[in-house]
Amino acid sequence: MSWKDHGELFVRYRKNPILTVDIWPYRAHTVFNPAAAIIDGITLLLVRVEDHRGFSHFTVARSKNGINDWEIDSKPTFFPDPINYPEEMYGVEDPRITYIDELEKWAIVYVAYSDSGPLPALAFTEDFRYFDRVGPIMPPDNKDAAVFPVRFNGKWAMLHRPAPTIHTLKANIWISFSSDMKSWEKPEVLLYAREGGWWDAYKIGLSPQPLRTPEGWLIMYHGVRQTTPKISYRLGLALLDLEDPKKVLRRSEGWVFGPREPYERSGDVNDVVFPCGWVLVGDELRIYYGGADTSVSMASAKMSDIMEFIRTCPEKQCPEEYCRWFEGNRRRSTGSRKGYV
Ligand code: BMA
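Residues numbered from 1 in each chain as written. Predicted model: local features only at pLDDT ≥ 70, side-chain atom pairs only at ≥ 80, totals over all residues.

S.K.: Can you help me understand the overall build of the protein chain in this one?
M.R.: Looking only at helices and strands, the protein chain has three helices and 21 strands in total. Here the C-alpha radius of gyration of the protein chain, 19 Å, is about what a compact globule of 341 residues would show, namely 20 Å. Reported as C-alpha extents along the three principal axes, the dimensions of the protein chain are approximately 55 × 40 × 40 Å. Contacts spanning at least 24 positions in sequence make up 49% of the contacts within the protein chain whose residues lie at least 6 apart. (Helix = DSSP H or I, 4+ residues; strand = E, 2+ residues; numbered from the N terminus. Rg over C-alpha atoms; globule rule 2.2 N^0.38 Å. Contact = placed C-beta atoms within 7 Å.)

S.K.: So what exactly am I meant to see when it comes to the site of the ligand here?
M.R.: Near the ligand, the surroundings consist of Asn-33, Glu-93, Asp-94, Tyr-233, Val-269, Val-272, Phe-274, Gly-290 and Asp-293. Here the residues of the shell around the ligand sort into four nonpolar, two polar and three charged. (Near = placed C-beta within 6 Å. Nonpolar A, V, L, I, M, F, W, Y, C, P; charged D, E, K, R; others polar.)

S.K.: What am I meant to see in the sheet that holds strand 1 (residues 11-12) here?
M.R.: Note: strands within a sheet are paired through backbone hydrogen bonds, in either parallel or antiparallel orientation. Pairing is antiparallel in the open sheet, where four strands are placed in the order 1-21-20-19. Each having just a single partner strand, strand 1 and strand 19 (273-281) make up the two edges of the open sheet. (Pairing = 2+ DSSP bridges.)

S.K.: It is not clear to me how the pairing of strand 19 should be interpreted in this structure. Could you clarify?
M.R.: Residues in a regular strand point their side chains to alternate faces of the sheet. Within strand 19, seven of the nine residues are buried, which leaves the element mostly enclosed by the surrounding structure. Counted along the chain from strand 19 to the antiparallel partner strand 20 (residues 284-291), the turn is two residues long, and its residue Gly-282 has a positive phi close to 60°. (Buried ≥ 20, exposed ≤ 12 C-beta atoms within 10 Å, placed from the backbone.)

S.K.: What's the story with the confidence of the model for the protein chain in this structure? I'm lost.
M.R.: Close reading of the predicted structure is inappropriate where its pLDDT is low. On average, the protein chain scores 92 in pLDDT, and the residues at 70 or more come to 91%. In this model residues 333-341 is a low-confidence stretch, pLDDT under 50, and it forms 15 contacts with partners more than four residues away in sequence or in other chains. (pLDDT = per-residue confidence, 0-100.)

S.K.: How should unusual backbone geometry be read in this particular structure?
M.R.: Phi is mostly negative for residues that are not glycine, and the peptide bonds are mostly trans. The peptide bond linking Asn-16 to Pro-17 adopts the cis configuration, its omega dihedral lying at -5°. Structurally, Pro-17 is set in the loop between strand 1 and strand 2 (30-39). Residue Asp-141 follows Pro-140 across a cis peptide bond; omega there is -15°. Within the secondary structure, Asp-141 sits in the loop between strand 9 (131-136) and strand 10 (142-147).

S.K.: Help me understand the environment of Val-21 in this model?
M.R.: Here Val-21 lies in the loop between strand 1 and strand 2. Exposure remark for Val-21: the 17 C-beta atoms within 10 Å place this residue in the partly exposed category. It is 5.8 Å that separates the C-alpha atoms of Val-21 and Val-31, two residues lying 10 residues apart in sequence. When neighbours within four sequence positions are excluded, Val-21 is seen to be in contact with Ala-28, His-29, Thr-30 and Val-31.

S.K.: Could you clarify how one ought to interpret the sheet that holds strand 11 (residues 156-162) in this entry?
M.R.: Spatial strand order, 10-11-12-13: four strands in an open sheet with antiparallel pairing. The sheet terminates laterally at strand 10 and strand 13 (185-191), the two strands that pair on one side only. The average undirected angle you get between the axes of adjacent strands in this sheet is 30°. Across four bridges, the pairing between strand 12 (residues 173-178) and strand 13 is antiparallel. Bridged to Ile-175 within strand 13 is Glu-188. (Axes fitted to C-alpha atoms, helices over the stretch in contact; angles between N-to-C directions.)

S.K.: Is there a simple way to think about the environment of Ile-42 in this case?
M.R.: With respect to the secondary-structure elements, Ile-42 resides in strand 3 (residues 42-50). Distance from Ile-42 to Arg-62, taken between C-alpha atoms, is 6.6 Å for residues 20 residues apart in sequence. When residues no more than four places from it in sequence are discounted, the contact partners of Ile-42 are Arg-62 and Lys-64.

S.K.: Would you take a moment to explain the environment of Ile-175 for this structure?
M.R.: Secondary-structure assignment places Ile-175 in strand 12. On the basis of neighbour counts, which here come to 22 C-beta atoms within 10 Å, the residue Ile-175 falls in the buried class. Measuring from C-alpha to C-alpha, the distance between Ile-175 and Met-158 comes to 5.6 Å, with 17 residues separating the pair along the chain. Here Ile-175 is in contact with Ala-157, Leu-159, Glu-188, Leu-190, Pro-245 and Lys-246, once residues within four sequence places are set aside.

As structure tokens, this is what we get:
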């Protein structure tokens, strides 16, 4: 049997949370779910800030060591602009940032909360001070999106997560392609939510932006477990083929990080860890995550340990018995589901 319980791979910074609303330079309700990057040696977090209307915007926090002494912009850095961009009517949420070498710009894919539901929107920036909005890049309901930094056979690729459907109750991670990052095509399911008792049953979504490693694209995703009367957001890993990101090479069975500490277990939404960004510092992979939709924390793991772990993960997305059952069902249903096993 391939199943191995590796437990949690990431170790929390001992003085978490690293950012709370108490140190914010202006009035706000909560700060959480940041995107992350290192620019000229400085760690930059694009933090989701929720105001007292319940609407979110983004504010930049910068730190030399990525842990403390954060310099936070004195006012919102990226504020919803519903007059010019009506899809931002109820705010902007959960950004993911990717540096696009070819364009010499950062691509920010964020959730615009429109009157018809959440949708992925795109903006570019060179400096996190001025932003060039492209606007919506997919219709609602869709979220948890990030672009890859390179093209594949001439096309950009994006991971995203359409909402659960009433037909299957499932929300899977999809991959789509584009020539210009504005119109996206050829959508196909990449990672399936598992079912039954699994920690990632029914609803999964991408967490930070895809990370290139010599062995493939490392993907961290959240799985949402719903039990009465609560939900838990936990994190798993997958590895995608470097040349063809439609191919899933490995997927962890157990979760690698989940809510445990008081600042993750209790807050605006209990039992949530939700990273939108990660950075590599030498051999240390740091995730920056929202705890309980209330504060920002950091946890890290050695990249070499992660790669060693991912190599031991199964190639199939689920154990044999379940795959056999799923394959049986798949053959009875329509269409091909390439990339599943
Ligand atoms: C998800 C997203 C996240 C949030 C999480 C838990 O659907 O909206 O922003 O952290 O729910 O509430």
